[in-house]
There are 2 protein chains.
Amino acid sequence: MGLEGEQVHQSGSGWSPVYVEENLGVMSVGFLLGSPDDAVIWRGPKKNGLIKQFLRDVDWGEVDYLIVDTPPGTSDEHLSIVQYLSATHIDGAVIVTTPQEISLQDVRKEINFCHKVKLPIIGVVENMSGFVCPKCKKESQIFPPTTGGAEKMCQNLNVSLLGKVPLDPQIGRSCDRGQSFLSEARDSPATLSYRNIIQRIQEYCEQQHSLEEKMI
Amino acid sequence: MGLEGEQVHQSGSGWSPVYVEENLGVMSVGFLLGSPDDAVIWRGPKKNGLIKQFLRDVDWGEVDYLIVDTPPGTSDEHLSIVQYLSATHIDGAVIVTTPQEISLQDVRKEINFCHKVKLPIIGVVENMSGFVCPKCKKESQIFPPTTGGAEKMCQNLNVSLLGKVPLDPQIGRSCDRGQSFLSEARDSPATLSYRNIIQRIQEYCEQQHSLEEKMI
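Residues numbered from 1 in each chain as written. Chains lettered and ligands numbered in written order. Predicted model: local features only at pLDDT ≥ 70, side-chain atom pairs only at ≥ 80, totals over all residues. Heavy atoms only, no water.

If you check an unreviewed UniProt entry, chain A appears there as Cytosolic Fe-S cluster assembly factor NUBP1 from Lepidothrix coronata.

See the structure below:
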């Protein structure tokens, strides 16, 4: 997002998010640090306290989507988010994997976690899914899907596959500059894949909301 | 390691590690699960309790090296390991990064954490460091080191760079089969890099131990 070193501002109505664009506000523990290299050396309870503050004390305004990016795992952060937002009805989880079995083994646990805490799963994204050499245009599976990748896992577990995002050096370059890869590489296969995934998530959420309205 | 679905055995002298080879024993929370897909949905205190048990109640026998693989971050797992092993003198931390600035931003925090808890840093490994296309043999920087990669960061922070490991599809394939990549791809550049890194870690540890003996 290119926001390293940014600081949070306090207003009468709470903490203000840092705005990347008019319609994209961000909140991060990084904004509370004295220096960008400072580590946040906190055990679970302090992390949970901050998550609660980010949900309750930030002046988010009217938002269409609130996206929470969690670390891998099924621990404090994940439990707290689900618990604190339980009354608001979370649309669901987007789960990201890479194609190898060793990643799928962890992702199956994440899926199991979602089932246990009754969090709907919007779908799975397969990241780092193949690489087309810019020199010879031939594709390599750098992280080979030895057991069928996300596609097979999603079939087996009856979960939607939202899409596959190929490796592309421009993604890392755009991120490092804090620029939007989707604007900088408009026609790349990875951009098309991202846009398709976004559209499927939107459709899922809109469908859920129209169902809810009918039920009300 | 190819140990998914393995179970831990209890003996008179504690839990027994699962042995991959005669000289390589492993302990993992995965061995305590009913099913390989079960999630370990634990908050910090339960995780800390298990870490303590793994250090205290496992019959490790005489070991040359005890390697603890932690998740990313600077939270419960990292604090507990350092705290529980403080009396034994930890040789140090090996920190793994990828070449992009966005990864280095996190790794600088890990380095800061080590300084704060007085944990020596053996060095930094740069993983996913370039990819040689198997079709045309030309190299691509899939995760471009836009700010100089681990090399520049290590110079700036006065930390050793232990080596760079290139991307190689055979690594993922070997891992998924639970086979040793170092045995299966003896002459690959990644194997040479791994062996070089291992040697540098060994030398560091041996040097530390001989210094300690002199001090006694």
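Additional details are given in the paragraphs that follow.
Residues and elements named next belong to chain A. Overall, parallel pairing links the three strands, which are arranged β5-β6-β9 in an open sheet. Only two strands of the sheet have a single neighbouring strand rather than two, namely β5 (93–97) and β9 (161–164). In this sheet, neighbouring strand axes are inclined to one another by 20° on average, regardless of whether the strands run parallel or antiparallel. In the sheet, β5 pairs with strand β6 (residues 121–126) via five bridges, with the strands oriented parallel. If you follow V96 over to β6, its bridge partner there is V125. Helix α4 (residues 149–157) rests against β5, β6 and β9 of the sheet, and its axis sits at about 155° to β6. Docked against the sheet, helix α7 (residues 189–215) engages β5, β6 and β9, running at close to 170° with respect to β9. (Pairing = 2+ DSSP bridges. Helix = DSSP H or I, 4+ residues; strand = E, 2+ residues; numbered from the N terminus. Axes fitted to C-alpha atoms, helices over the stretch in contact; angles between N-to-C directions. Contact = heavy atoms within 4.5 Å.)

Attention now goes to the interface of chain B and chain A. At the junction of the two partners, chain B supplies 49 residues and chain A supplies 49 residues. In total, chain B and chain A occlude about 4100 Å² of area from one another, counting both sides; carbon and sulfur atoms represent 55% of this. Our enumeration of links across chain B and chain A arrives at two salt bridges. A salt bridge links D76 of chain A to R43 of chain B, with the nearest nitrogen and oxygen atoms 3.1 Å apart. Grouping the amino acids of the side of chain B that touches chain A by side-chain chemistry returns 20 nonpolar, 13 polar and 16 charged. (Buried area = accessible area lost by both parts, 1.4 Å probe. Salt bridge = Lys/Arg side-chain N within 4 Å of Asp/Glu carboxyl O. Nonpolar A, V, L, I, M, F, W, Y, C, P; charged D, E, K, R; others polar.)

This part covers the sheet that holds strand β6 (residues 121–126) of chain B. Residue and element names in this part refer to chain B. Taken together, the three strands give an open sheet; going across it, the order is β5-β6-β9, and neighbouring strands pair in parallel fashion. Two strands bound the open sheet, and with one partner strand each, they are β5 (93–97) and β9 (161–164). Pairwise comparison of adjacent strand axes, ignoring direction, gives a mean angle of 20° for this sheet. Those strands touched by helix α3 (residues 101–116) are β5 and β6, and its axis lies near 170° from that of β5.

Bringing the relation of the copies chain B and chain A into the picture now. Laying chain B over chain A is done by rotating through 180° and shifting 0.0 Å along the axis; what remains is an RMSD of 0.0 Å. The superposition operator between the copies reduces to a two-fold rotation axis. Every residue of chain B has its C-alpha some distance from the rotation axis, and the shortest such distance is that of G44 of chain B, at 2.6 Å. When the interface residues of chain B are mapped onto chain A, 100% of them again fall at the interface, so both copies present the same face. (Least-squares fit on C-alpha atoms with pLDDT ≥ 70 in both.)

All right, on to the packing of aromatic side chains then. With the rule as written, the count across this model stands at five aromatic pairs over all chains. Aromatic side chains W15 of chain A and F54 of chain A sit 5.9 Å apart centroid to centroid with 70° between the ring planes, which places their arrangement in the edge-to-face category. One end of the pair, W15 of chain A, is in strand β2 (residues 14–16); the other, F54 of chain A, is in helix α1 (residues 44–56), with 39 residues separating them in the sequence. For the residue pair W15 of chain A and F54 of chain A, the accessibility class agrees, reading buried in each case. Aromatic side chains F181 of chain B and Y194 of chain B sit 6.0 Å apart centroid to centroid with 75° between the ring planes, which places their arrangement in the edge-to-face category. Here Y194 of chain B lies in helix α7 (residues 189–215) and F181 of chain B lies in helix α6 (residues 181–184), a separation of 13 residues in the sequence. Owing to a relative accessible area of 6%, F181 of chain B belongs among the buried residues under this scheme. (Phe/Tyr/Trp six-rings, centres within 6.5 Å; stacked < 30°, edge-to-face > 60°. Buried < 20%, exposed > 50% of the residue type's maximum accessible area, 1.4 Å probe, protein only.)

Attention shifts here to the domain arrangement of chain A. Looking at chain A, the domain boundaries give domain 1 (1–63) and domain 2 (90–215). Computed over C-alpha atoms, the centres of domain 1 of chain A and domain 2 of chain A are 26 Å apart. (Domains from an automatic or database assignment.)

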